[in-house]
Amino acid sequence: MKINKMDFIFIIAGIVVLIFIILPLLMMVIGVNSKILFETIKDKQVQSSILLTLYAGVLATLFGLVFGVPLAYLLAKFDFRGKAVVESIIDIPIIIPHTAAGIALLTVFGQNFFFGRLASLVGIKFVGTILGIVVAMSFVSIPFLINSAKEGFRGVNPKLEKVARTLGASAWMSFCKVSLPLASKSIATGAIMMWARGISEFGAVVIIAYHPMVASVLVYERFESYGLDYSRPVAVLLILVCLIIFILLRILI
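In this report, we go over the structure that sits alongside the text. Note that the structure is a prediction, hence the values are computed from the model and not measured.

So, how was this worked out
- Residues numbered from 1 in each chain as written.
- Predicted model: local features only at pLDDT ≥ 70, side-chain atom pairs only at ≥ 80, totals over all residues.
- Heavy atoms only, no water.
- Phe/Tyr/Trp six-rings, centres within 6.5 Å; stacked < 30°, edge-to-face > 60°.
- Buried < 20%, exposed > 50% of the residue type's maximum accessible area, 1.4 Å probe, protein only.
- Axes fitted to C-alpha atoms, helices over the stretch in contact; angles between N-to-C directions.
- Helix = DSSP H or I, 4+ residues; strand = E, 2+ residues; numbered from the N terminus.
- Parallel < 35°, antiparallel > 145°, perpendicular 65-115°, else oblique.
- Left-handed = near helix turned anticlockwise from the far one by under 90°.
- Nonpolar A, V, L, I, M, F, W, Y, C, P; charged D, E, K, R; others polar.
- Salt bridge = Lys/Arg side-chain N within 4 Å of Asp/Glu carboxyl O.
- Contact = heavy atoms within 4.5 Å.

### Considerations on the packing of aromatic side chains
With the rule as written, the count across this model stands at 10 aromatic pairs. Each ring, one from Y226 and one from Y230, has its centre 6.0 Å from the other, and the planes form 55 degrees; the classification is tilted. Overall, the relative accessible area of 56% leaves Y226 in the exposed class. Owing to a relative accessible area of 40%, Y230 belongs among the partly exposed residues under this scheme. An aromatic cluster is built from Y73, F153, W172 and F175, whose rings are joined through pairwise contacts.

Right, here's the structure in full:
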């Protein structure tokens, strides 16, 4: 294929972006002390932190699938007054600084505030618990799932749903048998992006649940306490684990 001048310029621009992304990650991996990295791999705190991060990310994504996918369907299939406002509200967590998001969540789920106080009456606590981590991850990442699922549902031909209804299928059956399968790839992509964004969160998590430590908080804590040499191996290990999982999910889905 013949490459014209514009294609060449675009290729150069693409290479610059790839170098911009890869170089810091490559330098971090290359520069890590192998002895400290091996010690980090055996560190029980690091292991539990990474497992907690992955686990909380899965719980946050499940929350998004249960509550976000129905909202995405409504936004894709119905026009109503105030729809633009609803879509803007969904995107707010992407826009605001995530430390500010953590403060906002604290004013709702903190034990000194109404909802947090109400939940504590039945033994549910958010501050300093896994639930708080899941809430923080869900808040900052759910727009990715909703927006991706919305585009998937928009791509489903309305005639197919109408045919299903004329053949006797209920609205629920039409959704489960027609709309959901046809939009499943977009939903799966959104779920992966939500999970990936959730496990990378730091700002909101550190405000509402410094402990138990997820991996991003542990990296920060190690950097503050011991410096770059001891924080970098944790970061490298987390990136490698997440990268392997992310690639596998992309291949399977």
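### Digging into the packing of helix 3 (residues 44-77) against helix 7 (residues 130-154)
Contact pair helix 3 / helix 7: the axes reach a minimum separation of 6 Å and the direction vectors enclose 40 degrees. Judged by the angle between their axes, helix 3 and helix 7 are oblique. Considering the relative orientation of helix 3 and helix 7, their crossing is right-handed. Looking at the contact of helix 3 with helix 7 residue by residue, the classes come out as 22 nonpolar, six polar and three charged.

### What to know about the pattern of salt bridges
Here the idea is simple: oppositely charged side chains can pair when their charged atoms come close. Under the definition given, this model contains seven salt bridges. The closest approach of N and O atoms between E87 and K150, which form a salt bridge, is 3.2 Å. Of the two residues, E87 is situated in helix 4 (residues 83-95) and K150 in helix 7; the sequence distance between them amounts to 63 residues. In this pair, the class of E87 matches that of K150, namely buried. Linking R154 and E87 is a salt bridge whose minimum nitrogen-to-oxygen distance equals 3.3 Å. Separated by 67 residues along the polypeptide, R154 in helix 7 and E87 in helix 4 bring together distant segments of the chain. By relative accessible area, E87 is classed as buried at 19%. Ionic contacts of the salt-bridge type, sharing partners, join the residues E87, K150, E151 and R154 into one network.

### Notes on the environment of M137
Secondary-structure assignment places M137 in helix 7. The sequence separation of M137 and A204 amounts to 67 residues, and the corresponding C-alpha distance is 7.6 Å. For M137, the residues in contact, after removing those within four places along its chain, are T53, A56, G57, A60, G198, I199, V205 and V214.

### Focus: the packing of helix 2 (residues 34-42) against helix 12 (residues 228-252)
Two elements in contact, helix 2 and helix 12, have axes separated by 9 Å at closest approach and are oriented at 60 degrees. Relative to helix 12, helix 2 is oriented oblique. Here helix 2 runs over helix 12; the crossing is right-handed. Of the residues in helix 12, those touching helix 2 at I36, L37, T40 and I41 are D229, Y230, P233, V234 and L237. Residue composition of the contact of helix 2 with helix 12, grouped by class: seven nonpolar, one polar and one charged.

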